[in-house]
Amino acid sequence: MTDNGQPRRHGGTPTSAEVAESLAARRRAERGERRRSPDAPPERHLDDTEAKRSERVIATWFIVAFLAGVAFLVLYWIFPAGGPINAGVSNKLLGGCLTLILMSLAIGVMLWVKRLMPNKEMVDERHEFRSSDEDRREFGEYFVDTAESTQITKRPLLRRTLLLAAAPLGLLPLWLLRDMGPLPKKDMFTQPWRKGMRMVLAGTQDSDSPRLLKLTDITDFGSAISAVPEGITDFNQIATAALLVIRLRPDEIQGTRRGALQRKASVNGICAFSKICTHAGCPISLYQQRTHELLCPCHQSTFDMSDGAKVVFGPAVRPLPQLPITVDKDGYLVANAKYFINGPVGPSFWERGPDRNTNG
Amino acid sequence: MQDPTKKLLAGTGKALDDRFGGAAGLKKQMKKLFPDHWSFMLGEIALYSFVVLLLTGVFLTFFFKPSMQEVVYHGSYANLDGLRMSEAYKSTIDLSFDVRGGLLMRQIHHWAALLFVAAIMVHMMRIFFTGAFRKPREVNWLIGITLFTLAMLEGFAGYTLPDDLLSGVGLRIFVSVVFEAIPIVGTYLLFFTFGGPFPDGLQGDFIPRLFIVHVLLVPGILLALIGAHMLIMWHQKHTVWASRKQTNRNTVGFPFFPHFIAKTTAFFMFVFGALALLATFAQINPIWMYGPYNPVDVTAGAQPDWYIGILEGGLRIMPGVESVFLGHTIPWNTLIPALIVPGLLFTFMALYPFFEKWATGDNSEHHVLNRPRNVPTRTGIGVAWLAAYMILLIAGGNDIIAKTFSLSFNTITWIFRFAIFLGPVIAFVVTKRICIGLQRKEEHLLHEGVETGVIKRLPTGGYEETTRTPSPELLGRLETNRPDVPEDMPALTDGRGVEARNGIVKRLRVSAQRWYTQDNVARGAHGDGHAEERGEVEPGAQRPELTGGRTSD
Ligand code: HEM
Ligand code: FES
C-alpha cells in the first residue's frame, strides 16, 4: 500500500526533491508549458507522404461507413416488416448495416488517433485535495459566524418549531402513497373453489366452449392435467385456484396419515392438488408416474404425490395443498369443499401461520 | 483564419464565450490528462452500454404499450393467432415483427442490458483489486455499488415488461421471495407496490407500474448517479498504475482534447457496433416462443438473465426451513437466499473501504494503484467474494449441470451447499498464498536479477547461473509498489494516547492490521533504499508523522 516506494507520510512535509520538482512544474506552468512524460514513446514526426497515406486509409473507412449508412436508409424501404420471416431478413440487413457503420467509424477514428494525432504523453502535477489548514479554519469560522449571525444558535424556539414544521412534511409522501393499493385483508387466504364447482381444463376456460372434466376423462395414470374452476377467468383468481389433477391406483396411495387424508379427498384415485408451488409460487408441471414424484421446474422442489404431496427434496417446506373432490350426478368432477387441505395455497408469507383449511 | 472550418469553430467559440465566459476554465479542462490503460475502459463499456440503453429504450417506448388489458391476437405471427394476451405482450410481438428495425432495437436493448451489468461488475472488480476505492475515492465506490444494485433492479423490471410466460414466472418468484417473504410488512408492500395480488393487481397495475419504474424512476436515478460518478472522477482524476513515471503527486497520460475524446468516441462506436452485431446475429429473448403469460403454465428449464442468477442459485440450494411462531410465518427458505445473502454480499462490498481503513489505520490519499499481489489479504477477500458470487450463479444452473453430467439434483445440491461455505475460504487461502508466492518471486528478482538460463563455470569449479538486471520498466513497477510490512503501518493511536480506553476494539484493530501485513515479504536493503529508514523504527513505536490525529477513528 505504500505508493511509489515512499514511506508513508500522512500529509507530512514533502521531500526536497519533491519541492524542487513542484517548483519547476510551477515555473513551467507559468510559461504555459507542461512536462513530457519521461519514458514515453518517441514523439511522432509526421512525414508528408506517410500522413497522406494514412489520410487515405482513414477516409476509406469513413466512406465504408457512409455507404453502409446509405444502404441502411435504402434497405429500410425495400424490405418490409410483417411476420417473423420478413422481420428476420430486415433485422439481418438493417443490423448488418448499422454494425458496419459503427465499426467502420470506430476503426477510422481509432486509426486517426493512432496515425495522425499527436502522441505526446504528458505529465501534470497532482495536489492533495485537503485544503490548507488556514483555509479550513477560515471556512469553518466564516460558516459558524454566519450561522450565528442568523440567530439560529440563540433562538431555540425558532429551531424547534422549524423542525416541528418539517416533520409532518416528511411523512406526507407516505400518506400520499397510501392509495397505491388496497390493504391485503384476507386476500392472501382466499381462493375461488366452492363446494360443487366443476372443473375446466386449463387453457379452455375463456374459449367459447370450456372443457369440463368428467370422471371418465381421467383414465390415464401417468398424466397430470391442469384444471381451473368453472366460470373463472380472472388471472388473480386462477393464480390461486389452479389445480393439478392426477390419477393413482388405489393401492398406490400410501398408508400413512397423510395418505389416508389424501385418499379421503380423492375420488376413484383421482386427486386434485394445488398447482402452485409452496416454495416460491411457480406452477408445477413435471410429474413422473413411476415414482409418483412431482418436480417443480423452478428450484426442483419435489413432492411425493402418493403421500399427501409431502416434500421429498428441495427448498419447499410444505406439502402442496389438496382440494377435496368428488363426482356429481352427471359424472363431472367437482370440488367437495370450499377449502384446500393444508391451505392456503402458494408460498409462505408472514400472516399465513400454521396450515389450516381456509377459503376466507 | 482563411480556412472556413477554422473560422466557423473560432466564431462559435467566440460567440459562446461572449455570452457565457469560461474560456479559461475550459482551456484547462481540455488539457486534462487521461491515462492510457485497458483496464480504464471497463467503466467506459458500462457507460456506453447505458447510453445505448437510453437510445434504444426511448425507441421502444414509442411502440410498447404498458397495459394488461386483454386482447385477442390476429397479427402477422400465425402461431399465436386467436390467443388471448395482454396488450403489453401483443405490442412487444408487434414491435418485433411489424416495425422495421423494431426487432433490432429490442435485441440491442436486451444485449446492452446484459453487457451493462456485466461491465459494471468487472469494472468494480478492477477498482477493488487495485485499491482504487481508497481515500479519496470512497464516495465513488459507494455510488458504484448503488449503480450495480439499481442496474439489477432496472434489468429485472425491463425483462418483465413484455409479459411473456418466461418473465411472468420470474415475476411470480420475485413477488414471493422479495415481497411476501418479508416479515410483518411483506404483503402490505406487495399490495401497495403493485396495487393488489399477483399477477394483475386489482386494476391491472403490475405492468404499468413496472414500466414507470423501468423508463423513468430508475433510469432517472441512474442518470443522476452516473453523472455524479463522472463529475467526481473528473475532479479527482484517474488513478495511475505504479511505474517510475507515475507517482502519487502527478497524472500521466494524454490530453482530453483531442486525444481522449477521439479515442473514447471510437470506443463508444465500437461498443455500440458490437451490440448491433450481437443483435443482428444472436437472437435474444424470443418472447413469441414462450407465449403470453398465464398463471397455469410454466416453461421448463427456464433461466433468468445472468445477473439474477445469484438469487436463483441461492433459492435452489437453500434447504427447506421455515418457522411459524405465534401464528406467523417466517419463510427462511426464501428470505435468506433472496434478501439476506445478497443484502450481506452487497453491504459488505459497500462497507469494505471503511473496514480496510479502520483495519490498516491508513487514512492518507492514494492515487497510485496497488498491484493485487502486494495486498494479499484484500485480494484474498475479493476472490472469496467472487467465489461466493460465482458459486451462487452456477448453482442457478443446477438443472443444466445435472443434465450435462448426469448427476442427481440431490448430489449437486449438496455439493453446492458445501461449496458455498468452503469455496470462499479455500479461495481466500489459495489467493493469499499465490500473492505471497509472487511477492517472493519479485523479491528474488530484485535480489538475484532475472535468470537467463545460461550456466557459467566458476574458476573454483562450481557452477552458477548468470543473471541480468531486470528491465527498467519491470524495476520501476517493482520499486514503486511494494508490499507493506507491519513496520510500515501507522501506529494505531489517535495521537492523544486515548487508545488504552477501549481495550478490545484496540486489540481487534491491531490484529486486523497485522492480518493485512504480517505475511508480506519485506524488501531487502537493495530493494527500494528505504530499508534503513524502516530499520530505525521499532514496530509499534510512536512515529510522529504517522499519528497526529489523521488516522481514521
Ligand atoms: C440501465 C438501463 C436499462 C436496462 C438494464 C434495461 C433492460 C431491459 C430489458 C432486459 C428489457 C427486456 C427486453 C426484451 O424484451 O427482451 C427491457 C425492455 C424495455 N425497456 Fe429497458 N432497460 C434499461 C433502460 C431503459 C430506458 C432508459 C428505457 C426508456 C426510456 C427503456 C425502455 C424499455 C421498454 C419500453 C421496454 C419494453 C419493450 C420490450 O420489452 O421490448 N429501457 N429493458
Ligand atoms: S417455486 Fe417451486 S421450487 Fe421454487
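Computed from a predicted model, the values in this text were never measured in an experiment. Residues take numbers from 1 onward in each chain, read along the sequence in its written order. For naming, the first written chain is A and the first written ligand is 1, with later ones following in the order written. Reporting of local features is limited, given that this is a predicted model, to residues whose pLDDT is at least 70; pairs of side-chain atoms are given and counted only at 80 or more, and all residues count toward the totals for whole chains, interfaces and linings. Calculated side-chain values reflect all of the structure's heavy atoms, with hydrogen atoms and water omitted.

1. Here's the deal with the pattern of salt bridges
Residue and element names in this part refer to chain B.
Part 1 of the argument: What makes a salt bridge here is a side-chain nitrogen of Lys or Arg within 4 Å of a carboxyl oxygen of Asp or Glu, nothing more. By the definition in use, this model includes 23 salt bridges over all chains.
Part 2 of the argument: Put simply, Arg373 and Glu442 hold a salt bridge, and the shortest N to O gap is 2.3 Å. Residue Arg373 is found in the loop between α13 (332–360) and α14 (376–395), and its partner Glu442 is found in helix α16 (residues 409–448); the two are separated by 69 residues along the sequence.
Part 3 of the argument: Take Arg373: its relative accessible area is 22%, and that puts it in the partly exposed class. In this text, helices come from DSSP runs of H or I with a minimum length of four residues, and strands from runs of E with a minimum of two, each type numbered from the N-terminal end. The cut-offs for exposure are 20% and 50% of the maximum accessible area for each residue type, with area from a 1.4 Å probe on protein chains only; residues under the lower value are buried, those over the upper are exposed, and the others partly exposed.

2. Here we look at the site of ligand 1
Residue and element names in this part refer to chain B.
Part 1 of the argument: We call a residue near a molecule or strand as soon as one heavy atom of that residue lies within 4 Å of the molecule or strand. Around ligand 1 sit 26 residues, and of these Arg106, His109, His110, His214 and Asn285 come closest.
Part 2 of the argument: Counted as a polar contact is a pair of N or O atoms within 3.5 Å, where, for protein atoms, one must be capable of donating a hydrogen and the other of accepting one, and residues adjacent in sequence contribute only when both atoms are in side chains. In the model, an oxygen atom of ligand 1 is placed 3.0 Å from a nitrogen or oxygen of the Arg106 side chain.
Part 3 of the argument: For ligand 1, a nitrogen atom lies 2.8 Å from a polar atom in the side chain of His109.
Part 4 of the argument: Put simply, the parts of the chain that give the shell around ligand 1 at least two residues each are α3 (41–63), α5 (102–129), α6 (138–160) and α9 (206–236).
Part 5 of the argument: Per element, the largest residue contribution to the shell around ligand 1 is 7 residues, and it comes from α3.

3. A word on the state of the cysteines
Residue and element names in this part refer to chain A.
Part 1 of the argument: Our working definition of a disulfide is a cysteine sulfur pair at a distance within 2.5 Å. Per the counting criterion, the structure on display carries 1 disulfide over all chains.
Part 2 of the argument: Between the sulfur atoms of Cys282 and its disulfide partner Cys298 the distance amounts to 1.9 Å. Between Cys282 and Cys298, the S-S dihedral sits near -90 degrees, and the bridge is therefore left-handed. Of the two residues, Cys282 sits in the loop between β7 (270–274) and β8 (286–288) while Cys298 sits in the loop between β9 (293–295) and β10 (302–304), which places them 16 residues apart along the sequence. In this pair, the class of Cys282 matches that of Cys298, namely buried.

4. Concerning a nonpolar patch on the surface
All names here are of chain A.
Part 1 of the argument: A patch consists of residues exposed above 30% relative accessible area that lack any salt bridge, with like charges linked at up to 9 Å and nonpolar side chains (Val, Leu, Ile, Met, Phe, Trp, Tyr) linked at up to 5 Å. To measure how exposed things are, a 1.4 Å probe is used in the Shrake-Rupley method; for residues, cover is taken only from the protein chains shown. There is a patch of nonpolar side chains on the surface, built from Ile63, Phe66, Leu67, Val70, Leu73, Val74, Trp77, Ile78, Phe79, Ile85 and Val89 and spanning about 1100 Å² of accessible area.
Part 2 of the argument: Secondary-structure elements contributing two or more residues to the nonpolar patch are α2 (48–78) and α3 (83–115).
Part 3 of the argument: Of all the elements, α2 adds the most residues to the nonpolar patch, at 8 residues.

5. A closer look at the interface of chain A and chain B
Part 1 of the argument: Taken together, the contact pairs 99 residues of chain A with 131 residues of chain B.
Part 2 of the argument: Here the quantity called buried area is the accessible surface, traced with a 1.4 Å probe, that two parts lose on coming together, added over both. With both sides pooled, the region where chain A packs onto chain B buries about 9800 Å², and carbon together with sulfur makes up 61% of that total.
Part 3 of the argument: Its salt-bridge partner being Arg84 of chain B, residue Asp206 of chain A comes within 3.9 Å of it at the nearest N-O pair.
Part 4 of the argument: Viewed at the interface, chain B and chain A are joined by 34 residue pairs in polar contact (both at pLDDT 80 or more).
Part 5 of the argument: Elements represented by at least two residues in the side of chain A that touches chain B include exactly β1 (2–3), α2, α3, β3 (122–125), β5 (224–229) and α6 (235–241) of chain A.
Part 6 of the argument: Considering each element in turn, the side of chain A that touches chain B owes the most residues, 18 residues, to α3 of chain A. Between two residues, a contact is recorded if the distance between any of their heavy atoms is within 4.5 Å.

6. What to know about the domain arrangement of chain B
Residues and elements named next belong to chain B.
Part 1 of the argument: Domain assignment breaks chain B into domain 1 (32–300), domain 2 (371–386 + 405–483) and domain 3 (484–523).
Part 2 of the argument: Taking only C-alpha atoms, the centre of domain 1 and the centre of domain 2 are 37 Å apart.
Part 3 of the argument: One can count 0 salt bridges joining domain 1 with domain 2.
Part 4 of the argument: Where domain 1 touches domain 2, the interface holds 0 residue pairs in polar contact (both at pLDDT 80 or more). Domain segmentation is taken from an automatic or database assignment of domains.

7. Observations regarding the sheet that holds strand β11 (residues 310–313) of chain A
Residues and elements named next belong to chain A.
Part 1 of the argument: Strands are labelled as partners when DSSP assigns at least two bridges between them. Sheet architecture is open: 4 strands sit in the order β8-β9-β10-β11, paired in antiparallel fashion. Two strands lie at the open edges of the sheet, namely β8 and β11, each paired on one side alone. Neighbour to neighbour, the strand axes of the sheet diverge by 30 degrees on average, direction disregarded.
Part 2 of the argument: Note that β9 and β10 share 3 bridges and pair antiparallel. Following the sheet pairing, Glu293 is matched in β10 by Asp304. Interaxial angle, 0 to 180 degrees, is taken between N-to-C directions of lines fitted to C-alpha atoms, where a helix line uses only the stretch in contact.

8. Remarks on unusual backbone geometry
Part 1 of the argument: Residue Pro136 of chain B is bonded to the preceding Lys135 of chain B through a cis peptide linkage, with omega at 10 degrees.
Part 2 of the argument: With respect to the helices, strands and loops of the structure, Pro136 of chain B is situated in the loop between α5 and α6.
Part 3 of the argument: Cis geometry marks the peptide bond from Phe257 of chain B to Pro258 of chain B, where omega comes out at 5 degrees.
Part 4 of the argument: Here Pro258 of chain B lies in helix α10 (residues 256–281).
Part 5 of the argument: Here Lys185 of chain A, not a glycine, exhibits a phi torsion of approximately 40 degrees, which is positive.
Part 6 of the argument: Within the secondary structure layout, Lys185 of chain A lies in the loop between α5 (156–177) and β4 (199–201).
Part 7 of the argument: Residue class for Lys185 of chain A comes out exposed when judged on its relative accessible area of 68%.
Part 8 of the argument: Backbone geometry at Gln300 of chain A places phi at a positive 65 degrees, although glycine is not the residue there.

9. Structural notes on the coordination of the iron atom of ligand 1
Residue and element names in this part refer to chain B.
Part 1 of the argument: Only N, O and S atoms count as donors, using a 2.8 Å cut-off from the metal and 3.2 Å for Na, K and Ca, and because water is excluded some sites may appear unfinished. The protein atoms donating to the iron atom of ligand 1 are His109 (NE2) and His214 (NE2), with metal-donor distances spanning 1.9 to 2.0 Å.
Part 2 of the argument: Tetrahedral means four donors with every angle between 85 and 135 degrees, whereas square planar (four donors) and octahedral (six donors) require angles over 155 degrees between opposite donors and between 65 and 115 for all others; sites fitting neither are termed irregular. Metal-centred angles of 89 to 179 degrees between the 6 donor atoms at the iron atom of ligand 1 mark the site as octahedral. In this pair, His109 sits in helix α5 while His214 sits in helix α9, placing the two residues 105 residues apart along the sequence. Residue His109 shares its accessibility class with His214, and that shared class is buried.

10. Looking at the packing of aromatic side chains
Part 1 of the argument: Two rings belonging to Phe, Tyr or Trp (six-membered ring only in the last case) form a pair when the distance between their centres is within 6.5 Å. Interplanar angles under 30 degrees mark stacking, angles over 60 mark edge-to-face geometry, and anything in between is tilted. This model, assessed by the stated rule, comprises 43 aromatic pairs over all chains.
Part 2 of the argument: A centroid spacing of 5.2 Å and a plane angle of 45 degrees characterise the contact between Tyr77 of chain B and Phe97 of chain B, whose relative ring orientation is tilted. Remark: Phe97 of chain B occurs in helix α4 (residues 87–97) and Tyr77 of chain B occurs in the loop between β2 (70–72) and β3 (84–86); sequence separation between them is 20 residues.
Part 3 of the argument: The exposure class of Tyr77 of chain B is buried, given its relative accessible area of 10%.
Part 4 of the argument: One aromatic cluster in this structure is built from Phe128, Phe129, Phe133, Trp141, Phe348, Tyr352, Phe355, Trp358, Phe428, Trp515 and Tyr516 of chain B.
Part 5 of the argument: The ring of Tyr332 of chain A has Lys214 of chain A sitting right over it, with the charged end atom 5.1 Å from the ring centre.
Part 6 of the argument: In this scheme, the term charge over a ring applies when either NZ of a lysine or CZ of an arginine sits within 6 Å of the ring centre and within 35 degrees of the ring normal. Taking the ring centre of Trp414 of chain B as reference, the NZ or CZ of Arg417 of chain B above it sits at 4.7 Å.

11. Here's the deal with the nonpolar core
Across soluble globular proteins, nonpolar side chains have a tendency to be buried as a group.
Part 1 of the argument: Counting 133 residues, the largest nonpolar core has Phe303 and Met305 of chain A together with Ile108 and Phe148 of chain B as the members making the most contacts within it.
Part 2 of the argument: With 17 residues, α5 of chain B is the single largest residue contributor to this core.
Part 3 of the argument: What Phe148 of chain B contacts, discounting residues up to four positions off in sequence, is Val117, Ile120, Met121, Met124, Phe346 and Tyr389 of chain B.
Part 4 of the argument: We define the nonpolar core as a collection of buried residues of types Ala, Val, Leu, Ile, Met, Phe, Trp, Tyr and Cys that are connected through side-chain atoms lying within 4.5 Å of one another. Leu213, Ala227, Ile325 and Val345 of chain A belong to the second-largest nonpolar core, a separate cluster that totals 18 residues.

12. With respect to the pairing of strand β8 (residues 463–468) of chain B
All names here are of chain B.
Part 1 of the argument: Across 5 bridges, strand β7 (residues 450–457) lies against β8 in antiparallel orientation. Along β8, the bridge assignment pairs Val450 with Arg468.
Part 2 of the argument: Between the antiparallel neighbours β7 and β8 lie 5 residues, among them Gly461 with a positive phi of about 105 degrees.

13. Quick notes on the pairing of strand β6 (residues 243–247) of chain A
All names here are of chain A.
Part 1 of the argument: Burial analysis of β6 places 5 of its 5 residues in the buried class, the great majority of the element.
Part 2 of the argument: Strand direction decides the pairing type here: β5 and β6, joined by 4 bridges, are antiparallel. In the sheet register, Ala227 faces β6, and the bridge partner there is Leu243.
Part 3 of the argument: As defined by bridge partners, β6 adjoins β7 across 5 bridges and the pair is classed as antiparallel. When the bridges of β7 are listed, Ile246 appears paired with Cys271.

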